[in-house]
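# Structure at a glance
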Amino acid sequence: MEKTDKQQLIVTVSPHIKSEESVTRIMWSVNLSLLPAITMGAYFFGPKALFVTVLCIISSLLSEYFVQKGLKKKVTVSDGSAFLTGLLLGMNLPSSLWSFSPFTIHIPVIGSVVAIIITKQLFGGLGYNIFNPALIGRAFLLISFPKAMTIWNTPSSAFFGLDAKTAATPLGILKEEGAQKLIEAFGDTTNLYSQLLLGHRAGSIGETSAIALLFGAGFLMYKRYITWHLPISFLASAALLAWVFGGKDMQTGKMLLFHGDPVVHLLSGGIILGAFFMATDYVTCPSVRRGQIVFGIGCGALTMLIRLKGGYPEGVMFAILLMNCFAPLIDKNMRTRVFGFVKKKETKQ
């Protein structure tokens, strides 16, 4: 064969595996897996939940489009990553943000801009961000607009019930008034568990229905986009710590060891959404399995530390962001040893 300058011989190490999966396909599959949860959010909180979520998605798409155009980079809004960031941010916000009096609809837009432009694109785009963009966007909003971000609507029986009432979240009641008051608010323990499982309680748009989130998580595990290592270690460590240290005598304020309710902690707040859909972000979590277990345990421990001892009733967002800082270190120190690696012998002097 006649050789030309254009011919190249590339040698790669086996095995050679061809996969039909791509970034775009994975991203849109994750978006699809969140459909049950966002549907339940719209069912419980009405049109306002959809408006807030759609506003976050549109703002995220436009932010990515304009910043990539401005930086003269390839526009990648069709890969589904910006859509996913907007969707996750919207699911982490209260439906009460869609309000003209007081004017609060600018808040989701600001959160989307921070998530896409500052957290994602200024670090180099998809694959280079250090922190989860949606969580950084929510953290920025919580710090900047604490009052608006902590007004929670109660679920409505009518989809078009626009005159929503506000109420405390289950974790807020648990922290401020104790487990007994939480049970009384729902009638009994059985009703409490069932309502938390279905999502009939105050909270963020997409975190309320645990069963809808678990359905979507099951889809991701079936497709092998995520594995059990990180989310299960996250939930297991949180449940264990909730059981051991979660009990409290509201009269004396003393801790009651082994009297906590792990079920309430697992079904309340954003722990399921965080464990399966946010902590498992490919870019910001460890890639090795052992590292993912350590990462998950760290997330669970920090979540319960903030919930039980911190000033916030919820700690999932801060726990994941803090562990994002340690992801490169965990990967470096728990990297799988190369096959055939021989440790060098130390020479005596």
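The coordinates are above.
Now for a look at the structure at hand. All figures in this text were calculated on a predicted structure; none of them were measured in a lab.

## Topic: the nonpolar core
Counting 68 residues, the largest nonpolar core has F277 and F295 as its most contacted members. Of the domains in this structure, domain 1 (23-150) and domain 2 (170-201 + 226-332) are the two that each give at least three residues to this core. Excluding its chain neighbours within four sequence positions, the residues that come into contact with F295 are L230, A279, T284, C285, P286, I320, M323, N324, A327 and I330.

## Comments concerning helix α13 (residues 271-278)
Counting buried positions along α13 yields eight of eight residues, so the element is predominantly enclosed. When α13 is considered as a whole, its buried residues turn out to be I271, I272, L273, G274, A275, F276, F277 and M278.

## Concerning the state of the cysteines
Tallied over the full model, the rule gives zero disulfides. The thiol of C285 is unpaired, and the distance to the nearest cysteine sulfur, on C299, comes to 9.2 Å.

## Section: the pattern of salt bridges
Taken as a whole and judged by the stated rule, the model has two salt bridges. Ionic pairing is found between K120 and E64, a salt bridge with its closest N-O pair at 2.8 Å. With K120 in helix α5 (residues 106-120) and E64 in helix α3 (residues 47-70), this pair connects stretches of sequence that are 56 residues apart. Per residue, the accessibility class of K120 equals that of E64, and both read buried. One salt bridge connects E314 with R307, and the closest N-O pair in it is separated by 2.8 Å. Assessed through its relative accessible area of 3%, R307 is described here as buried.

Criteria and cut-off values
- Residues numbered from 1 in each chain as written.
- Predicted model: local features only at pLDDT ≥ 70, side-chain atom pairs only at ≥ 80, totals over all residues.
- Heavy atoms only, no water.
- Core = buried A, V, L, I, M, F, W, Y, C linked by side-chain atoms within 4.5 Å.
- Buried < 20%, exposed > 50% of the residue type's maximum accessible area, 1.4 Å probe, protein only.
- Domains from an automatic or database assignment.
- Contact = heavy atoms within 4.5 Å.
- Helix = DSSP H or I, 4+ residues; strand = E, 2+ residues; numbered from the N terminus.
- Disulfide = S-S within 2.5 Å.
- Salt bridge = Lys/Arg side-chain N within 4 Å of Asp/Glu carboxyl O.

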